[in-house]
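Examination of the molecular architecture
Given next are the chains, with one letter for each unit.
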Amino acid sequence: SRHIVVGAAQLGPIARSEPRSRVIERMLALLHKAHRRGATLLVFPELALTTFFPRWFFDDADELDGFYEGEMPGEATRPLFEAARQLGIGFYLGYAERIESGGRVHRYNTSILVDQAGELVGKYRKVHLPGHHEHEPWRPFQHLEKRYFEPGEDGFGCWEAFGGKMGMALCNDRRWPETYRVSALKGVELLMLGYNTPIHYPPVPEHDHLQGFHNHLCMQAGAYQNGMWVVGVAKAGREEGCDLLGQSCIIAPTGEIVAMASTLEDELIVHECDLDRTREIREHIFNFRLHRRPECYGVLVDD
Ligand code: CDT
């Protein structure tokens, strides 16, 4: 068996005025705590360094740019990389990425995987961007991910690290079965996934009470139907007047939740994951080679 002690570092709300340095202090506290509990991999949320800024419409490009990272590590984030190296604990981190290439500015909703030596292992750019492009004043708050980010063009990846095969996704991706299936077909054994999920969904408010149910429903199904570990990590709590879902959890390849956060604040949960438990599913009920019928699934990849 191949065991890896994984931590999920849920973050409580981050105020719009909270400086990066303060957020990094909170993250470092969780990193040290995770290390004391034996973790060698710690998963942080989506857009973990700032408040969830797509809830506002920004006219001013400079103000918007203030939420993005131009380099990784940058001045503010370098202490995380240094602590990773000193403690021998890697991490997954979601952040807003801004790059200039080909004479153009590109913005992505991005996650990275950093190993126990503090070195970058991989980068993922969010595929499924939810929300809308234009300012919609009827909403109590905006969800402008489609305006503030370009969709990632590289799709889902599989990175060999931590003695296994690691995958990354971000928030809305967890609602799509393709996220898990493509990752599984690439060999992923443990999928890391940060999220910011408002409890109130303005277009269909009658579903607000189902946010927690849908969160676990899709991640547990994704884990089971693809025989993989899933680590889902929230930015939670009342952030700038907007309630964000908590319920960060670690899910076994059987679909069972083996650890779950119980607060809406900075909170660490830890579980020892045996990557070989993927075989209980992948060599039996979902043995892709024996039972999958891709010749019947063509419509899945038609436009
Ligand atoms: N961050 C993110 O992707 N949030 C979405 C909110 C619902 S769609 C407006 C999610 O899928 O949780």
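Residues numbered from 1 in each chain as written. Predicted model: local features only at pLDDT ≥ 70, side-chain atom pairs only at ≥ 80, totals over all residues. Heavy atoms only, no water.

1. Topic: the packing of helix 1 (residues 20–36) against helix 3 (residues 78–87)
- Axis separation between helix 1 and helix 3 bottoms out at 10 Å; the angle between their running directions is 10°. With respect to their mutual orientation, helix 1 and helix 3 come out roughly parallel. Of helix 3, the residues touching helix 1 (which contributes Ile24, Met27, Leu28, Leu31, His32 and His35) are Pro79, Leu80, Ala83, Ala84 and Leu87.
- For the contact of helix 1 with helix 3, the residue count by class is nine nonpolar, two polar and no charged. (Axes fitted to C-alpha atoms, helices over the stretch in contact; angles between N-to-C directions. Helix = DSSP H or I, 4+ residues; strand = E, 2+ residues; numbered from the N terminus. Parallel < 35°, antiparallel > 145°, perpendicular 65-115°, else oblique. Contact = heavy atoms within 4.5 Å. Nonpolar A, V, L, I, M, F, W, Y, C, P; charged D, E, K, R; others polar.)

2. Overview of the packing of aromatic side chains
- Here the structure, examined in full by the defined rule, presents twelve aromatic pairs.
- Ring geometry for Phe58 versus Tyr148: centroids 6.2 Å apart, planes at 40°, classification tilted. Of this pair, Phe58 sits in the loop between strand 2 (41–43) and helix 2 (61–65) while Tyr148 sits in helix 4 (residues 145–148), and the two are 90 residues apart along the sequence. Residues Phe58 and Tyr148 agree in their burial class; the two are buried.
- Clustering of aromatic rings is evident, with ring pairs tying together Phe53, Trp56, Phe58, Phe67, Tyr68, Tyr148 and Phe149.
- Directly above the aromatic system of Trp56 lies the positively charged group of Arg16, at a separation of 4.6 Å from the ring centroid.
- Of note, Arg107 hangs over the ring of Tyr68, and the distance from its end group to the ring centre comes to 5.2 Å. (Phe/Tyr/Trp six-rings, centres within 6.5 Å; stacked < 30°, edge-to-face > 60°. Buried < 20%, exposed > 50% of the residue type's maximum accessible area, 1.4 Å probe, protein only. Lys NZ or Arg CZ within 6 Å of the ring centre and 35° of its normal.)

3. Some thoughts on the site of the ligand
- If you check the shell around the ligand, you find 14 residues, and the closest are Lys126, Cys171, Asn172, Arg175 and Thr197.
- Separating a nitrogen atom of the ligand from a side-chain N or O atom of Glu145 is a distance of 3.0 Å.
- Here the shell around the ligand is built from residues that sort into five nonpolar, four polar and five charged. (Near = heavy atom within 4 Å. Polar contact = N/O pair within 3.5 Å; in protein donor to acceptor, adjacent residues only side chain to side chain.)

4. A word on a nonpolar patch on the surface
- A cluster of nonpolar residues, Tyr297, Val299, Leu300 and Val301, forms a patch on the protein surface that exposes about 430 Å² of accessible area.
- Summarising the element assignment, Leu300 is placed in the segment after helix 8 (288–291).
- Residue classification places Leu300 among the exposed residues on the basis of a relative accessible area of 59%. (Patch = residues over 30% accessible without salt bridge, like charges linked within 9 Å, V, L, I, M, F, W, Y side chains within 5 Å. Areas by Shrake-Rupley, 256 points an atom, 1.4 Å probe, with all protein chains shown as cover. Salt bridge = Lys/Arg side-chain N within 4 Å of Asp/Glu carboxyl O.)

5. Quick notes on the side chain of His132
- On the secondary structure map, His132 appears in the loop between strand 5 (120–125) and helix 4.
- Given the relative accessible area of 6%, His132 is considered buried.
- Looking at His132, its side chain comes within polar contact range of the main-chain oxygen of Glu134, at 2.8 Å.
- Looking at His132, its side chain comes within polar contact range of the main-chain nitrogen of His143, at 2.9 Å.
- When residues no more than four places from it in sequence are discounted, the contact partners of His132 are Arg139, Gln142, His143, Leu144, Glu145, Lys146 and Arg147.

6. A few points about the sheet that holds strand 7 (residues 164–170)
- As summarised here, the arrangement of the six strands in space is 6-7-8-9-12-13, forming an open sheet in which the pairing is mixed. Of all strands in the sheet, those with a lone pairing partner are strand 6 (159–161) and strand 13 (257–260), marking the two edges. Strand after strand, the sheet turns through a mean of 25° between neighbouring axes, direction not considered.
- Relative to strand 9 (residues 229–234), strand 8 (residues 190–195) runs parallel, the two being bridged by six bridges. (Pairing = 2+ DSSP bridges.)

7. Description of helix 1
- Taking 1.5 Å as the rise per residue, helix 1 with 17 residues should run 24 Å; its terminal C-alpha atoms sit 24 Å apart, in good agreement.
- Buried residues of helix 1: Val23, Ile24, Arg26, Met27, Leu28, Leu30, Leu31 and Ala34, and no others.
- Looking at the residues trailing helix 1, positive phi occurs at Gly38, about 90°. (Expected span 1.5 Å × (residues − 1).)

Geometry only, nothing functional implied.
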